[in-house]
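Architecture at a glance
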Amino acid sequence: ISLDGDTFPYAKEEYPFLFVKFYTSNCPNCDDFAPTWEALGEIVTDTSMHMVDDFMEEKGMDYYHYSDEEYEQAVNVMAPVLITRL
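Attention in this report is confined to the structure presented alongside it. Just so it is clear, the structure is predicted and the values come from calculations on it, not from any experiment.

**Examining the layout of surface pockets**
- Considered as a void within the structure, the largest pocket measures approximately 500 Å³ in volume.
- Forming the walls of the largest pocket are 21 residues, and the residues nearest its centre are G41, T45, L82, I83 and T84.
- Elements that contribute at least two residues to the lining of the largest pocket include exactly α2 (28–58), α3 (68–78) and β2 (81–85).
- Top element by residues in the lining of the largest pocket is α2. It accounts for 8 residues.
- Class assignment of the residues belonging to the lining of the largest pocket gives a composition of 12 nonpolar, 5 polar and 4 charged.
- One number sums up the size of the second largest pocket: a volume of about 160 Å³.
- Along its surface, the second largest pocket is lined by V52, F55, M56, M61, Y66, E70, Y71, A74, V77 and M78.
- Broken down by secondary-structure element, the contributors of at least two residues to the lining of the second largest pocket are α2 and α3.

**Topic: the side chain of S48**
- Locating S48 in the fold gives a position in helix α2.
- For S48, a relative accessible area of 1% translates into the label buried.
- In contact with S48, not counting residues within four places along its chain, are V75, M78 and A79.

**Quick notes on the packing of α2 against α3**
- One way to put it is that α2 packs onto α3 with a least axis distance of 8 Å and a crossing angle of 110°. The pairing of α2 with α3 is recorded here as roughly perpendicular in orientation. On α3, the residues that touch T45, S48, M49, M51, V52, D53, F55 and M56 of α2 are Y71, A74, V75 and M78.
- Grouping the constituent residues of the contact of α2 with α3 by class yields 9 nonpolar, 2 polar and 1 charged.

So, how was this worked out
Residues numbered from 1 in each chain as written. Predicted model: local features only at pLDDT ≥ 70, side-chain atom pairs only at ≥ 80, totals over all residues. Heavy atoms only, no water. 1 Å grid on protein atoms, 1.4 Å probe; cavity = no way out; pocket = protein on both sides within 12 Å on 5 of 7 lines; lining within 4 Å. Points joined across faces, edges and corners; volume = space filled by probe spheres on them. Helix = DSSP H or I, 4+ residues; strand = E, 2+ residues; numbered from the N terminus. Nonpolar A, V, L, I, M, F, W, Y, C, P; charged D, E, K, R; others polar. Buried < 20%, exposed > 50% of the residue type's maximum accessible area, 1.4 Å probe, protein only. Contact = heavy atoms within 4.5 Å. Axes fitted to C-alpha atoms, helices over the stretch in contact; angles between N-to-C directions. Parallel < 35°, antiparallel > 145°, perpendicular 65-115°, else oblique.

Function cannot be inferred from these measures alone, as they are strictly geometric.
Laid out in structure tokens, this is it:
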């Protein structure tokens, strides 16, 4: 989600945890820290996907039972964290 004045209230309501990087292109610290934010996003997503996959396997569910959109929603529910920049 790209945050702005309209989407920020939605994000606060939808996600109990928000990690927001306030970014400007002329900030060296912002550029230096960018890889850390990317890594955090990948870790959270990978962990959530593993949690969903483990749950589905435990329940004997096959991966074709749900659409990609439903799978993505399940991933968001398992680890409801939004990582974005502003």
